[in-house]
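# Close look at the chain arrangement
Okay, here's what each chain looks like letter by letter:
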Amino acid sequence: MSKQKQAELRKNVAPFGKADTKSSIKQLINTIPAFFLLWFLAYQSLSISIWITIPLAVVAAGFVVRIFIIFHDCAHQSFFKNKKANRILGTLTGIITHFAFEKWKRSHSIHHATSGNLDKRGTGDMWVMTVEEYSAASFWEKLTYRLYRNPLVMFGLGPIYLFMVDNRFNRKGARKKERLNTYLINVSIAAIYGLLIWAIGWQALVIIQGTILFVSGSLGIWLFYVQHQFEDSYFENEEEWDYVKAAVDGSSYYKLPKVMQWMTGSIGFHHVHHLNPRVPNYHLEQAHESTPPLQKATTITFLSSLESLRFRLYDEESKTFISFKELKGLQRKKTSSKVQLSNRTPSLQEK
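Since this is a predicted model, take the numbers as computed values, not measurements. (Residues numbered from 1 in each chain as written. Predicted model: local features only at pLDDT ≥ 70, side-chain atom pairs only at ≥ 80, totals over all residues. Heavy atoms only, no water.)

## As for the UniProt feature "domain: Fatty acid desaturase" (unreviewed entry) in the protein
According to UniProt, the feature "domain: Fatty acid desaturase" (unreviewed entry) maps to residues 51-290 in the numbering used here. In this annotation, residues 51-290 is assigned 68% helix and 2% strand; the end-to-end C-alpha distance for the span is 44 Å. (UniProt positions renumbered as here; feature names shortened; annotations may be inferred. Helix = DSSP H or I, 4+ residues; strand = E, 2+ residues; numbered from the N terminus.)

Okay, here's the thing in structure tokens:
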């Protein structure tokens, strides 16, 4: 895509990058009260059957994902026109979702500025190693990476680590504003949990809130994972990296059923979001439908997205993700080629 076409593409999407106060308030009304109602119903149903409580908690977890998208838009200053309103709502939704607003806003902005850049990985990203890096890694580095990329660890232990550890502590060198925001959210969560334990008991809290956090965390990690980890996703070194290509070619259009699209705040239109982070979630679909070049982005469905579970390493030669099994095949080919080369009979010219 030429620079002129890139500029035209960004210009076409720009009108959608404006918050609409009515749409934002409507989304708050149809999302947050529903979450608290489901939480209350889940608690009330405990006296009837835990098999009613768990499904209600799972649905409530879906609303936490939707609340997180609101939190996410606040971090991009795209949910409301007013920066202070975004900051306040971001902090409040950070308490519900258990994410430190200022801390996450910083790391996520870095993710947007470096997504697909092989030389600037490490902040706000999934850990991705190239074939060359993995081959040169030590035994312990390989073991750690294999554990990290294992679906049971990523989607099973991942949410626990995210909510209990990563989101609860400030990064080294964090500014005062960021540190205070993390403390405020942590203290608020602790106070709410203390009140709930006093009111309903720790067992009920663990059953309901534990289910909600685990399910919403797993879903959130899955969404973030699958939207950048598809077979021919875009990765380039710094000198060749391009922001627009990284947005359109390195982010998928995750085509979900309408109910799931609504629950996930249309974040499946991830290519639109990366092209212009100021587009609020309720304008993403319209921006996609109104911009033909964006409709050519890699489209994945729920079924086809499951294939990404086997992706482990990025192969810079083929510019695709491969599995550990495919890595063994590549290594065997290289070994075979070396053997053939060393056993090759010298030609007369070489003699």
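## Concerning the UniProt feature "transmembrane region" (unreviewed entry) in the protein
According to UniProt, the feature "transmembrane region" (unreviewed entry) maps to residues 28-46, 52-72, 183-200 and 206-226 in the numbering used here. Between the first and last C-alpha atoms of residues 28-46 the distance is 28 Å; the span itself is 84% helix and 0% strand. The span residues 206-226 shows a helical share of 100% and a strand share of 0%, and its end C-alpha atoms are spaced 29 Å apart.

## Brief notes about the side chain of N117
Counting through the fold element by element, N117 comes out in the loop between α6 (101-114) and β1 (129-130). Within polar-contact distance, the side chain of N117 engages the backbone nitrogen of D119 at 2.9 Å. A distance of 2.5 Å separates polar atoms of two side chains, one belonging to N117 and the other to E238. Residues contacting N117, with those up to four places away along its chain left out, are E236, N237, E238 and W241. (Polar contact = N/O pair within 3.5 Å; in protein donor to acceptor, adjacent residues only side chain to side chain. Contact = heavy atoms within 4.5 Å.)

## Examining the packing of helix α3 (residues 32-45) against helix α11 (residues 202-226)
Where α3 contacts α11, the axes come no closer than 10 Å and their chain directions differ by 140 degrees. Our classification of the angle between α3 and α11 gives oblique. Both α3 and α11 take part in a crossing whose hand is right-handed. Listed contacts from α11 to F35, W39, A42 and Y43 of α3 are A204, L205, I208, Q209 and I212. (Axes fitted to C-alpha atoms, helices over the stretch in contact; angles between N-to-C directions. Parallel < 35°, antiparallel > 145°, perpendicular 65-115°, else oblique. Left-handed = near helix turned anticlockwise from the far one by under 90°.)

## Some points on a positive patch on the surface
Positive charge collects at one region of the surface, where K83, K84, R87, K177 and R278 lie side by side. With three residues, helix α5 (residues 83-97) is the single largest residue contributor to the positive patch. For K84, the position within the fold is in helix α5. Owing to a relative accessible area of 53%, K84 belongs among the exposed residues under this scheme. (Patch = residues over 30% accessible without salt bridge, like charges linked within 9 Å, V, L, I, M, F, W, Y side chains within 5 Å. Areas by Shrake-Rupley, 256 points an atom, 1.4 Å probe, with all protein chains shown as cover. Salt bridge = Lys/Arg side-chain N within 4 Å of Asp/Glu carboxyl O. Lys, Arg positive; Asp, Glu negative; His and termini not counted. Charge placed at Lys NZ, Arg CZ, Asp CG, Glu CD. Buried < 20%, exposed > 50% of the residue type's maximum accessible area, 1.4 Å probe, protein only.)

## Digging into the nonpolar core
Soluble, globular proteins show a tendency: their nonpolar side chains are buried together. Ranked by size, the top nonpolar core spans 36 residues in total, and within it L28, F35, W39, F79, L89 and I212 carry the most contacts. Of all the elements in the fold, those that place two or more residues in this core are α3, α4 (50-75), α5, α6, α9 (151-166), α10 (176-200) and α11. Broken down by element, this core gets its largest block of residues, 10 residues, from α4. In contact with L89, not counting residues within four places along its chain, are L28, I70, C74, F79 and F80. Formed by 20 residues, the second largest nonpolar core is a distinct cluster that contains V128, F155, I300 and F311. (Core = buried A, V, L, I, M, F, W, Y, C linked by side-chain atoms within 4.5 Å.)

## Some remarks on the sheet that holds strand β5 (residues 320-322)
The sheet built from three strands is open, its strands ordered β1-β4-β5 with mixed pairing. At either margin of the open sheet sits one strand with a lone partner, and together these are β1 and β5. Judged from the two bridges that link them, β1 and strand β4 (residues 313-315) form a sheet pairing that is parallel. What sits directly across from T130, in β4, is Y314. (Pairing = 2+ DSSP bridges.)

## With respect to the packing of aromatic side chains
Tallied over the full model, the rule gives 26 aromatic pairs. Among the aromatic residues, ring-to-ring pairing joins F68, F71, F99, F101, W104 and F163 into one connected group. Lying over the aromatic face of W262, R66 brings its terminal NZ or CZ to 3.7 Å of the ring centre. For K142, the ring lying beneath its charged end belongs to Y134, and the centroid distance is 5.4 Å. (Phe/Tyr/Trp six-rings, centres within 6.5 Å; stacked < 30°, edge-to-face > 60°. Lys NZ or Arg CZ within 6 Å of the ring centre and 35° of its normal.)

## A closer look at the pattern of salt bridges
Applying the stated criterion across every chain yields a total of nine salt bridges. A salt bridge links R171 to E178, with the nearest nitrogen and oxygen atoms 3.0 Å apart. Salt bridges linked by common partners bring E307, R310 and E326 together as one network.

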